[in-house]
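An overview of the molecular structure
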Amino acid sequence: MEGFCLVVTLSRGPLSPHFDCHSPPHWAPEVCPPAGAGCAARIPCWVGFAGLMRGRPDVEGRSRHPFPVVPPQLFQLPELGTGRRKRWPRAFPHHVVAGATSSLVPRPGPAGHPASMGLPALALLLAAGLLRTQASPSARSFQLDYEHNCFRKDGAPFRYISGSIHYARVPRPAWRDRLLKMYMSGLSTVQVYVPWNYHETLPGVYDFSGNRDVEAFLDLTAELGLLVILRPGPYICAEWEMGGLPAWLLWKPDIILRTSHPAYLAAVDSWLHVLLPKIKPRLYHQGGNIISVQVENEYGSYYACDYGYLRHLLGSFRALLGSEVLLFTTDSARAEELRCGTLQGLYATIDFGPGSNVTEAFGAQRRVEPKGPLVNSEYYTGWLDYWGEAHASTSAAWVARGLEDMLQLGASINMYMFHGGTNFAYWSGADYKGQYKPVTTSYDYDAPLSEAGDPTEKLFAIRTVISKFQPVPAGPMPPATPKYAYGRVALRKYADLLDVLDVLCPSGPIQSQFPLTFEALKQVHGFVVYHTQLPWDVPDPATLGAAPHSICDRGYVMLQKDYQGTLERDGETTLHVTGRAGDTLDILMENMGRISFGANTSDFKGLLGNLSLNSRPLSNWLIYPLAIDTAVQQGWPHAALPKSSSGGRMGPAFYTGTFETPDSAWDTFVKFPGWSKGLLWINGFNLGRYWSCRGPQQTLFVPGSVLHAGRPNNITVLELEGAPPAPLVLFLDRPLYNRTLGCSTTATE
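Calculation notes
Residues numbered from 1 in each chain as written. Predicted model: local features only at pLDDT ≥ 70, side-chain atom pairs only at ≥ 80, totals over all residues. Heavy atoms only, no water. Salt bridge = Lys/Arg side-chain N within 4 Å of Asp/Glu carboxyl O. Helix = DSSP H or I, 4+ residues; strand = E, 2+ residues; numbered from the N terminus. Pairing = 2+ DSSP bridges. Axes fitted to C-alpha atoms, helices over the stretch in contact; angles between N-to-C directions. Buried < 20%, exposed > 50% of the residue type's maximum accessible area, 1.4 Å probe, protein only. Arc of directions from axis to C-beta. Contact = heavy atoms within 4.5 Å. Polar contact = N/O pair within 3.5 Å; in protein donor to acceptor, adjacent residues only side chain to side chain. 1 Å grid on protein atoms, 1.4 Å probe; cavity = no way out; pocket = protein on both sides within 12 Å on 5 of 7 lines; lining within 4 Å. Points joined across faces, edges and corners; volume = space filled by probe spheres on them. Nonpolar A, V, L, I, M, F, W, Y, C, P; charged D, E, K, R; others polar. pLDDT = per-residue confidence, 0-100.

Attention shifts here to the pattern of salt bridges. Overall, the coordinates contain 32 salt bridges when judged by the stated rule. Residue Glu-215 is joined to Lys-278 by a salt bridge in which the shortest nitrogen-to-oxygen separation is 3.7 Å. Of this pair, Glu-215 sits in helix H4 (residues 214–223) while Lys-278 sits in helix H5 (residues 262–279); the two residues are 63 residues apart in sequence, bridging distant segments of the chain. The partner of Arg-734 in a salt bridge is Asp-733, with the nearest N and O atoms 3.5 Å apart. Members of the salt-bridge network, linked through shared partners, are Glu-215, Asp-219, Lys-278 and Arg-282.

This is the structure we're talking about:
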């Protein structure tokens, strides 16, 4: 009798009548002959459902991924009827595949249908142990299928619906709540950035404790049944301080970031050798839940276009994570960005929002990835806020409609953001779009989960769309966390900032003929005071000014400790002053956040050039790098003796107060009626910047986990420009995001 090709599939769950992404039959015509043709006698024929990735041509026809068709996990088996030993595919996790040749069974049946199996052949297969219903752990896989334009998870077609969450912007006690709500929304996956500067705070000094415990966060995602798309940078953007790059990189003034510059690559390699070994055991094929890892981020938007840098990163990621993990890039759909941001060996994905033409956007991906899954790695559910601009919002219907359009095309999608959170402390970044644009403390993003983690109308609209394409978890959505309006809390002035420099700079000032930058002082965040004296009498108003682009980012000017006004980057850079020779001149410089996206992320801070008086440079400076957070975390000023201070309320000064919560400490929002600009600490925790007179954000989010239940909570405010006559703060049970009240000095609601 004629020979034949036999294909057997078994599944641990219900088996679709078709195994691939676009419904060809079970048997593979590119491996087996067409129906009716038979097989040459005693020639093995097999089909593998997992790990079979052919090399795909790039735009120039070269093979970019020369993976073997035959998976590496093979075993030896005597070929039936010949006695010769051949290599055969092993079982895969969900669909077990076995192939054989036989002279005992007729050739395949009609076209489009698998061959029927004779009992003798089935008995032989069973006796040989080919039919297995349980996969070995080593068979776990997450791969690209270029032939059928999809992902394959454990050999089965897979499409993810994902959402972004940043553990650094969410208090650790709230991680579970936010992730559970994402899971209940129908997401299979979460996308996670790892900010390098959040963990390597100084060269060789690492912090993976508390809120920085990325391993605990990843383990929690696995516990809740979520897959992870990891984005470890080294650059991440994310509207995060310096795009996640550590500011201490700029201590080498000639360094060229995000390039093949040796000093930069040395720092990157050192960091990756610390981070990636923590990631490797959590990769999907290692038994974890990380299905893919992004290399760099939106590199095509950066001016350097250094392919050598991308090749170096690819080599480092492969060396530290292995050859099996799926590595990818993300860029906008612009041709120029895709040209500079993609590289052979990295799967190219794109990002775009609900206002884009879906067909055109994915057409851009197809020009660099002719085959493979369609992927939008950042589908924008909202947008970020800048100080001084309106609160961004995007309609739920618009977001839902765009999501449905992409899902109908079979695309995999990550929604950026699904939960935005908060830029606590000094972690908010800035954009440079013709001018410096600092980002607000709130990273609400108008996302499906609000800044406080509450489900919104947008979340339920998205959940409804997802339910049309795949089942969503049964059961109710976890509710919004309880909020409490603790009401008004009166504050009192503790001291002017210039009167407590001994506390804030215990090591004393640095002497310099001319101003030094934050980076030269090795000051990463916060504030620096520059102190000098007027060198001559100034009886008539003289112009105190700075060279262009040398104020980074805001300078609060005091003459004889009296507040004169503010110098601002891309704003007012001159003031008029009078005084006598020997009068003290102090400028408190504030870092408002380093550029995270734009032409160049080398964003030096402080006074970058000389200050001049009527165009004559000032010199002989005493420079005080301030460690305000260190003092506040140690209990200052509440644990210090009361400080006598002037009754003036203009200029940089500290204010304190206390309040108590009921039996439970609930989330709340604090408003600053009549205040101008500054920072807030509660119980030593830096809640970030407020800027009431510029807006749009009017309240700061206070997580309940920061508060003490049943005992006093200490409030510390650093006001930089001017406090109201009767200073108080107001705790509300809801946020105010889209109001600019003006710089009033009266405390009115």
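This part takes up the sheet that holds strand S7 (residues 156–158). Read across the open sheet, the three strands follow the order S5-S6-S7; overall the sheet is antiparallel. Only two strands of the sheet have a single neighbouring strand rather than two, namely strand S5 (142–145) and S7. Adjacent strand axes in the sheet meet at a mean angle of 45° when their direction is disregarded. Inspection of the sheet shows S5 paired to strand S6 (residues 150–153) by four bridges, in the antiparallel sense. Pairing of Phe-142 across the sheet is with Lys-153, part of S6.

Okay, helix H10 (residues 457–467) next. Listed as buried for H10 are Lys-458, Leu-459, Ile-462, Arg-463, Val-465 and Ile-466. All buried residues of H10 project into a common sector of 160° when viewed along the axis, lining one side. Buried residues along H10 sit against strand S8 (161–165), helix H2 (175–184), helix H9 (396–408) and strand S17 (412–419).

You can see Ala-364 is positioned in helix H8 (residues 358–368). Placed 26 residues apart in sequence, Ala-364 and Leu-338 show a C-alpha to C-alpha distance of 8.3 Å. Those residues in contact with Ala-364, other than ones at most four positions away along the chain, are Ala-333 and Leu-338.

One open sheet holds the five strands; their spatial order is S21-S35-S40-S37-S38, and the pairing between them is antiparallel. On the outer flanks of this sheet lie strand S21 (492–496) and strand S38 (685–690), each paired with one strand and no other. Averaged over all pairs of adjacent strands, the angle between strand axes in this sheet comes to 20°, irrespective of strand direction. Taken together, the four bridges between S21 and strand S35 (residues 653–659) define a ladder with antiparallel strand orientation.

The next subject is H2. Three or more residues of H2 are buried, namely Trp-175, Arg-178, Leu-179, Lys-181, Met-182 and Met-184. For H2, the elements touching its buried residues are S8, strand S9 (189–193), H4, S17, H10 and strand S39 (699–702). Of the residues trailing H2, Gly-186 is marked for its positive phi of about 105°.

Moving on to the side chain of Thr-349. You can see Thr-349 is positioned in strand S15 (residues 347–351). Here the side chain of Thr-349 touches Thr-329 through a polar contact of 2.7 Å, landing on its backbone oxygen. Here Thr-330 takes part through its side chain, which lies 3.1 Å from a polar atom of the side chain of Thr-349. Not counting residues within four places of it along the chain, the set of residues in contact with Thr-349 comprises Phe-328, Thr-329, Thr-330, Asp-331, Gln-365, Val-375 and Ser-377.

For the bond from Tyr-416 to Met-417, the omega torsion is -5°, close enough to zero to count as cis. The residue Met-417 is located in strand S17 in this model. Phi at Glu-239 is positive, roughly 55°, even though this residue is not glycine. Relative accessible area serves as the criterion here: at 9%, Glu-239 is assigned to the buried category.

Looking now at the layout of surface pockets. Any empty space left between atoms is shown by rolling a water-sized probe over those atoms. Of the volumes computed, that of the largest pocket is approximately 1100 Å³. Surrounding the largest pocket, 43 residues form its lining, Arg-212, Tyr-426, His-525, Asp-629 and Gln-633 being those nearest its centre. Within the residue set of the lining of the largest pocket, elements represented by two or more residues are helix H3 (196–199), strand S10 (200–202), helix H13 (628–633) and S38. The element best represented in the lining of the largest pocket is H13, accounting for four residues. Counted by class, the lining of the largest pocket contains 23 nonpolar, 15 polar and five charged residues.

What follows covers the confidence of the model for the chain. Here the chain shows a mean pLDDT of 84. Residues at 70 or above account for 79%. Low pLDDT, under 50, characterises residues 1–137; the stretch is placed with 259 contacts to residues that sit more than four places away or in other chains. Within the model, the stretch residues 744–749 combines pLDDT values under 50 with 18 contacts to residues more than four positions away or in other chains.

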